[in-house]
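Residue-level structural notes
One letter stands for each residue in the lines below.
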Amino acid sequence: MASSDTLTAQEYIQHHLTNLTLGVHPENGFGFAHNSAEAAEMGFWAIHVDTLFFSVLLGGVFLWFFKKVADRVTAGVPGGAQNFAEWIIDFVEENVRGSFSGKNPMVAPLALTIFIWVFLMNLMDLVPVDLIPHLFAQFMSLFGADPHHVYLKIVPTTDPNATFGMALMVFILILYYSFKMKGPGGFAAELTLQPFGKWGMPANLLLESISLFSKPLSLGLRLFGNLYAGEMIFILIAIMYSGGLIMALSGGLLQIAWAIFHVLIITLQAYIFMVLTIVYLDMAHHTH
Amino acid sequence: MNINLTLFAQMIAFALFVWFCMKYVWPPIVTALADRKMRIAEGLAAAERGHQEKELGEQRALVLIKEAKTTAADIVAQAQKRANEIIEEAKNDARDESGRVVAAAQAEIDRETNRAREELRERVASLAVAAAEKILQKEIDIDTHRGLVDSFAKQL
């Protein structure tokens, strides 16, 4: 924690939870937000540059690696990279085959993308919380920026925009395939005629709507909540480093322990997101 | 922690990633996996076939070996027989040959005997004549007793 002498703990946490926001501020005009209040004032038409940059970068890494494997893929003896990619693809395909009963060539690649992309984004959580933001702040100060007002969040999945972006895309797919496979009438019937039969139509609609809309909401919130909480704990541990030798040492131990435990969480969350997407799409494909 | 335009940007990025993955990444790898599965299945089937063929071959080889043994035994027996025949023939030939040689030798001996006898006869005759001459020179004229001597010599 490089700037502990000038920041209180609260400010430090706040600093770490603020995205690098680019947008039009009503008073300061177009530019990066200098604090979280300004970022909030920018309203909807602003962009979290850090979230976007890291998520696209990690997505690029994922696709670059798999594309490289796909270009050199051989049915003969696989090399190391191909072996690794095949291992993951086998795993994903097994899950799709187990949970998805319909026929849709899009579901398996979708599941693979979700699994790896979410995993990589979550993996950024294991990078020490101050490392990249601090380097970035120092770098930006070369261009005259005040390092204390340079924000950077490197874990895209701690930004609800990223998790809900994915969840909404999955929701759109659920709606699309529900309409496509069941027809508008079939989909409407599914929403209104169960579980209480046609005389309980309003209650049916209420219940089914809740269950429908809870799908993207739970997808997005679950991932965001887990990662946000994990990130928060890393930040709290990082505060201990400024509390003297004993605190710093125990903080180090805590960080290692939490990181090891967190490896489980980030993998599990990526897996859950993937499996739930498969299951939701399977439900969308089912005709009654 | 504000919901803003990033949401849509993320949705678009996500859609693009999925599209790319579906178009360029997933199919070749899955195809390769399926290919390999097929190849392995074929390989196993081929191994099974090879195994069966090996057993068949072993059986065939056993039959062949048996046949070859029988043939070899036949050949040996025939050779034995032929050898016996040859020996028999050779014995016969030798016997005939020896008979011929003996006969020829006998003939020769006979011829020689006759010739010796002839010579002897002539020499005895001449000796007898000479002896008679010597005896008779004193008593008889050679011309008057010639016929007597000749008839005598012929009786030898």
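What you see is a predicted model; the values in this text were computed from it and never measured. (Residues numbered from 1 in each chain as written. Chains lettered and ligands numbered in written order. Predicted model: local features only at pLDDT ≥ 70, side-chain atom pairs only at ≥ 80, totals over all residues. Heavy atoms only, no water.)

1. A look at the overall build of chain B
To keep things clear, this is the line we draw: Helix and strand assignments come from DSSP, with helices taken as H or I runs of at least 4 residues and strands as E runs of at least 2, each series counted from the N terminus. The quantity called the radius of gyration is restricted to C-alpha atoms. Its globule counterpart is 2.2 Å times the number of residues to the power 0.38. Think of it in three bands: residues with accessible area under 20% of the maximum for their type are buried, residues over 50% are exposed, and the middle band is partly exposed, with areas taken using a 1.4 Å probe on protein chains only. Just so you know, the count uses Lys and Arg for positive and Asp and Glu for negative, and it drops His and the chain ends. Note on charges: their place is set at NZ of Lys, CZ of Arg, CG of Asp or CD of Glu.
When helices and strands are tallied, chain B shows 2 helices and 0 strands. What you see for chain B is a C-alpha radius of gyration of 60 Å, clearly larger than the 15 Å of a compact globule of 156 residues, by over 25%. The principal-axis extent of the C-alpha atoms belonging to chain B is close to 190 × 30 × 20 Å. Looking at chain B as a whole, 13% of its 156 residues are labelled buried. With 23 positive and 25 negative side-chain charges, chain B shows a separation of 11 Å between the mean positions of the two kinds.

2. Some details on the UniProt feature "transmembrane region" (unreviewed entry) in chain A
Residue and element names in this part refer to chain A. Spelled out, the test is: UniProt positions are given in the numbering used here, feature names are shortened, and annotations may be inferred rather than shown by experiment.
Here, UniProt's "transmembrane region" (unreviewed entry) annotation points to residues 45-66, 106-124, 162-179, 227-250 and 256-281. Counted over residues 45-66, helix gives 82% and strand 14%. Its end C-alpha atoms are 34 Å apart. Across residues 106-124, the secondary structure splits into 89% helix and 0% strand, with the terminal C-alpha atoms separated by 27 Å.

3. Some remarks on the packing of helix α4 (residues 80-99) of chain A against helix α5 (residues 107-123) of chain A
All names here are of chain A. Put simply, the rule reads: Every axis corresponds to a line fitted to the C-alpha atoms, with the helix fit spanning only the stretch in contact, and the corresponding angles, defined between N-to-C directions, vary from 0 to 180 degrees. The cut-offs work like this: below 35 degrees is roughly parallel, past 145 is roughly antiparallel, 65 to 115 is roughly perpendicular, and the gaps in between are oblique. The hand of a helix crossing depends on one turn: near helix anticlockwise from the far one by less than a right angle means left-handed, and clockwise means right-handed. By the convention used here, residues are in contact when the closest approach between their heavy atoms is within 4.5 Å. Residue type decides the class: Asp, Glu, Lys and Arg count as charged, Ala, Val, Leu, Ile, Met, Phe, Trp, Tyr, Cys and Pro as nonpolar, and the leftover types, Gly among them, as polar.
Following both chains from N to C, one finds α4 and α5 inclined at 120°, their axes separated by 9 Å at the closest point. Comparing their axes, α5 and α4 come out oblique. α4 and α5 meet at a crossing whose hand is right-handed. Counting all contacts with α4, which are made through Ile-88, Ile-89, Phe-91, Val-92 and Val-96, the residues of α5 involved are Val-107, Ala-108, Ala-111, Leu-112, Phe-115 and Ile-116. Residues belonging to the contact of α4 with α5 are distributed by class as follows: 11 nonpolar, no polar and no charged.

4. Details of the sheet that holds strand β2 (residues 29-32) of chain A
Residue and element names in this part refer to chain A. Note the threshold: What makes two strands pair is DSSP finding at least two bridges between them.
Pairing in this open sheet of 3 strands is antiparallel, and the strands run β2-β1-β3 from one edge to the other. Since the sheet does not close on itself, it has two edges, and those belong to β2 and β3 (46-48), each with one partner. Adjacent strand axes in the sheet meet at a mean angle of 15° when their direction is disregarded. Of the pairings in the sheet, the one linking strand β1 (residues 21-25) to β3 comprises 3 bridges and is antiparallel in character. Looking across to β3, one finds that Gly-23 is bridged to Ala-46.

5. Structural notes on the pattern of salt bridges
What counts here: Salt bridges are defined by distance alone: a side-chain nitrogen of Lys or Arg within 4 Å of a carboxyl oxygen of Asp or Glu.
In total, this model carries 9 salt bridges over all chains according to the counting rule given. With its nearest N and O atoms 2.8 Å apart, the salt bridge here joins Glu86(A) to Arg36(B). Within this pair, whereas Glu86(A) is found in helix α4, its partner Arg36(B) is found in helix α1 (residues 6-139), the two belonging to separate chains. Here Glu86(A) falls in the buried class, since its relative accessible area comes to 5%.

6. Quick notes on the interface of chain A and chain B
Accessible area lost during the coming together of the parts is what is often quoted as the interface size. What counts is decided by this rule: In this description, buried area is defined as the sum, over both parts, of the accessible area (probe of 1.4 Å) that is lost when the two are combined. Here a polar contact means two N or O atoms within 3.5 Å. Within protein one must be a hydrogen donor candidate and the other an acceptor candidate, and residues neighboring in sequence count only if both atoms are side-chain atoms.
Chain A puts 56 residues into the contact, and the matching count from chain B is 30 residues. Together, the buried faces of chain A and chain B total about 3,800 Å²; carbon and sulfur atoms form 77% of this surface. Three residues stand out in chain A for area buried against chain B, namely Phe44(A), Ala75(A) and Asn161(A), and they jointly supply 16% of the buried area on that side. At the boundary of chain A with chain B, the tally comes to 11 residue pairs in polar contact (both at pLDDT 80 or more). Every element with two or more residues in the side of chain A that touches chain B is listed here: α2 (36-41), β3, α3 (49-71), α4, α5, α7 (160-192) and α8 (201-240) of chain A. In terms of residue count, the dominant contributor to the side of chain A that touches chain B is α3(A) (12 residues). Residues that form the side of chain A that touches chain B fall into these classes: 37 nonpolar, 14 polar and 5 charged.

7. Description of the UniProt feature "transmembrane region" (unreviewed entry) in chain B
Feature annotation in UniProt assigns "transmembrane region" (unreviewed entry) to the following positions: residues 7-26 of chain B. Counted over residues 7-26 of chain B, helix gives 100% and strand 0%. Its end C-alpha atoms are 26 Å apart.

8. A short note on the packing of α5(A) against α7(A)
Residue and element names in this part refer to chain A. The contact between α5 and α7 brings their axes to 13 Å, and the two run at 170°. Relative to α7, the element α5 is oriented roughly antiparallel. Side by side, α5 and α7 meet where Leu-110, Ile-114, Trp-117, Val-118 and Met-121 of the first sit next to Met-166, Val-170 and Leu-173 of the second. Looking at the contact of α5 with α7 residue by residue, the classes come out as 8 nonpolar, no polar and no charged.

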